[in-house]
Amino acid sequence: MFPQTFIYPAVAKDLEHLSDSSRSIRIARHSPCSSCSCHGLHPPDGTPIVLDNSEDYQDALDQADQSETPTDEGFWMVCECGHGWEEHGAGPDVAPSELRRRTRVAMRVDELLDDLGKLADFEYTDDDIESLRK
């Protein structure tokens, strides 16, 4: 059974202070799955999205990172497609410099979505967002 909400980090301004988990979930959201045709990590249809960036959120997300399944708190380590962050561009086989680049891109896409009021909309896309995701 899935939790009732999907918690996603609110827009972050500082790349240097993001936790590994916060970086990974952002990358996974905006990266296609290497194991199927999924376009990025997303919760099941109809799941409410909650945006949070509090210190408690970051701590809980880091603890949830140890799990491969959704947690009661609403942290999703596995996409609706059944694959995790690793298959969505944030695996340990990705070089640190590439992870940093992917994080910057994911943060920029999140900023664009936030500006449009669409950060909690996992279906929304436009030409600018698609261009960055390439």
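No experiment lies behind these values; they were computed from the predicted model shown.

J.: Please clarify how the pairing of strand E1 (residues 6–9) should be interpreted in this entry.
T.: A regular strand places its side chains so that they alternate between the two faces of the sheet. Residues Phe6 and Tyr8 of E1 are buried on one face, and the alternating residues Ile7 and Pro9, pointing to the opposite face, are buried as well. Both E1 and strand E2 (residues 49–52) contribute to a ladder of four bridges, which runs parallel. Across the sheet, residue Ile7 finds its bridge partner in E2, namely Val50.

J.: Sorry, what's going on with the packing of aromatic side chains here?
T.: The description of an aromatic ring pair uses the distance of the two centres, along with the angle that the planes make with each other. Under the counting rule described, the total for this entry stands at one aromatic pair. Plain terms: the ring middles of Tyr8 and Phe122 are 5.5 Å apart, the flat faces sit at 85° to each other, and that makes the pair edge-to-face. Residue Tyr8 is found in strand E1, and its partner Phe122 is found in the loop between helix H3 (96–115) and helix H4 (127–133); the two are separated by 114 residues along the sequence. An identical accessibility class is assigned to Tyr8 and Phe122; each is buried. The ring of Phe122 has Arg29 sitting right over it, with the charged end atom 3.8 Å from the ring centre.

J.: I would appreciate a short explanation of the environment of Cys79 in the present structure.
T.: Note on placement: Cys79 falls in the loop between helix H2 (55–64) and H3. For Cys79 and Gly40, which are 39 residues apart along the polypeptide, the C-alpha to C-alpha distance reads 7.9 Å. If we skip the residues at most four places from it in the chain, Cys79 touches Cys38, Gly40, Leu41, His42 and His88.

J.: Is there a simple way to think about the layout of surface pockets in this case?
T.: Estimated volume of the largest pocket: approximately 280 Å³. Looking at the lining of the largest pocket, its residues break down into four nonpolar, five polar and four charged.

J.: I'm lost on the environment of Asp115 in this one. Help?
T.: Checked against the element boundaries, Asp115 lands in helix H3. Linking Asp115 and Val11, residues 104 residues apart in sequence, is a C-alpha distance of 10.0 Å.

J.: What am I meant to see in the pattern of salt bridges here?
T.: Oppositely charged side chains are able to pair whenever their charged atoms sit close together. This model, assessed by the stated rule, comprises six salt bridges. In this structure, the salt-bridge partner of Glu98 is Arg101, at a minimum N-O distance of 2.7 Å. You can see Glu98 and its partner Arg101 sitting in helix H3, three residues apart, about one turn around the helix. Taking the relative accessible area as the measure of exposure, Arg101 reaches 36% and is therefore partly exposed. What you see here is one network of salt bridges that share partners, running through Glu98, Arg101 and Arg102.

Reading guide: rules and limits
Residues numbered from 1 in each chain as written. Predicted model: local features only at pLDDT ≥ 70, side-chain atom pairs only at ≥ 80, totals over all residues. Heavy atoms only, no water. Buried < 20%, exposed > 50% of the residue type's maximum accessible area, 1.4 Å probe, protein only. Helix = DSSP H or I, 4+ residues; strand = E, 2+ residues; numbered from the N terminus. Pairing = 2+ DSSP bridges. Phe/Tyr/Trp six-rings, centres within 6.5 Å; stacked < 30°, edge-to-face > 60°. Lys NZ or Arg CZ within 6 Å of the ring centre and 35° of its normal. Contact = heavy atoms within 4.5 Å. 1 Å grid on protein atoms, 1.4 Å probe; cavity = no way out; pocket = protein on both sides within 12 Å on 5 of 7 lines; lining within 4 Å. Points joined across faces, edges and corners; volume = space filled by probe spheres on them. Nonpolar A, V, L, I, M, F, W, Y, C, P; charged D, E, K, R; others polar. Salt bridge = Lys/Arg side-chain N within 4 Å of Asp/Glu carboxyl O.

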